[in-house]
Amino acid sequence: MVKPVKNTKFDEYLEFPCPFTFKIMGLANVDLTDQILTKLQVIAPGDYAPKVKPSSKGTYEAVSLVVTVTSKEHIEQIYTEIGGIEDVRYIL
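Residues numbered from 1 in each chain as written. Predicted model: local features only at pLDDT ≥ 70, side-chain atom pairs only at ≥ 80, totals over all residues. Heavy atoms only, no water.

Looking at the packing of aromatic side chains
Scanning the entire structure with this criterion turns up four aromatic pairs. When the ring of Phe10 is compared with that of Tyr79, the centres are 6.2 Å apart and the planes differ by 10°; the resulting orientation is stacked. One end of the pair, Phe10, is in helix α1 (residues 10-13); the other, Tyr79, is in helix α3 (residues 72-83), with 69 residues separating them in the sequence. Residue classification places Tyr79 among the buried residues on the basis of a relative accessible area of 14%. Plain terms: the ring middles of Phe22 and Tyr79 are 5.2 Å apart, the flat faces sit at 65° to each other, and that makes the pair edge-to-face. With Phe22 in strand β1 (residues 18-27) and Tyr79 in helix α3, this pair connects stretches of sequence that are 57 residues apart. Residue Phe22 is classed as buried on the basis of its relative accessible area of 2%. (Phe/Tyr/Trp six-rings, centres within 6.5 Å; stacked < 30°, edge-to-face > 60°. Helix = DSSP H or I, 4+ residues; strand = E, 2+ residues; numbered from the N terminus. Buried < 20%, exposed > 50% of the residue type's maximum accessible area, 1.4 Å probe, protein only.)

Comments concerning the side chain of Glu61
Mapping Glu61 onto the fold places it in strand β3 (residues 60-69). For Glu61, which is buried and forms no salt bridge, the nearest opposite charge comes from Arg89, at a distance of 12 Å. (Lys, Arg positive; Asp, Glu negative; His and termini not counted. Salt bridge = Lys/Arg side-chain N within 4 Å of Asp/Glu carboxyl O.)

So, the sheet that holds β3
Read from one edge to the other, the open sheet built from four strands follows the order β2-β3-β1-β4, with strand pairing classed as antiparallel. Either end of the sheet is taken by a strand with one partner, and the two such strands are β2 (51-54) and β4 (88-91). Averaged over all pairs of adjacent strands, the angle between strand axes in this sheet comes to 25°, irrespective of strand direction. The strands that helix α2 (residues 32-43) touches are β1, β2, β3 and β4; relative to β3, the one it contacts most, it runs at about 20°. Lying on the sheet, α3 is in contact with β1, β3 and β4; it crosses β1 at an angle near 15°. (Pairing = 2+ DSSP bridges. Axes fitted to C-alpha atoms, helices over the stretch in contact; angles between N-to-C directions. Contact = heavy atoms within 4.5 Å.)

Looking at the environment of Asp47
With respect to the helices, strands and loops of the structure, Asp47 is situated in the loop between α2 and β2. You can call Asp47 exposed: its relative accessible area is 79%. The spacing of Asp47 and Asn7 is 40 residues in sequence and 28 Å in space, taken between C-alpha atoms.

So, the nonpolar core
Formed by 21 residues in total, the largest nonpolar core has its most connected members in Phe22 and Val67. For this core, the secondary-structure elements that each account for two or more residues are β1, α2, β3, α3 and β4. Those residues in contact with Phe22 that sit more than four places away from it in its chain are Val63, Ser64, Leu65, Val67, Val69, Ile75, Ile78, Tyr79, Ile91 and Leu92. (Core = buried A, V, L, I, M, F, W, Y, C linked by side-chain atoms within 4.5 Å.)

Encoded structure:
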């Protein structure tokens with residue numbers, strides 16, 4: 001179970017709505033980007049162009065996405081939902 005992300009200070013540093021870049025690192029598999037996009041479409045519908053970069057050994061991959069977020073709670077929800085994907089190891 002993933003620990004929910006709450007009580008962040010994003011609202012003190014950002015004006016909403018705004019573009020926000022998420023970098024997600026996880027196990028390299030065929031479905032990682034699709035799993036991320038499926039979860040993201042529910043929370044923040046949009047047309048995304050993820051950038052995927054494999055690790056040097058090919059075990060992991062990094063997926064970068066720019067999402068238009070509407071509030072601090074929206075960012076926290078995205079961190080919590082994407083972080084709950086089994087193959088995701090880190091989300092920045």
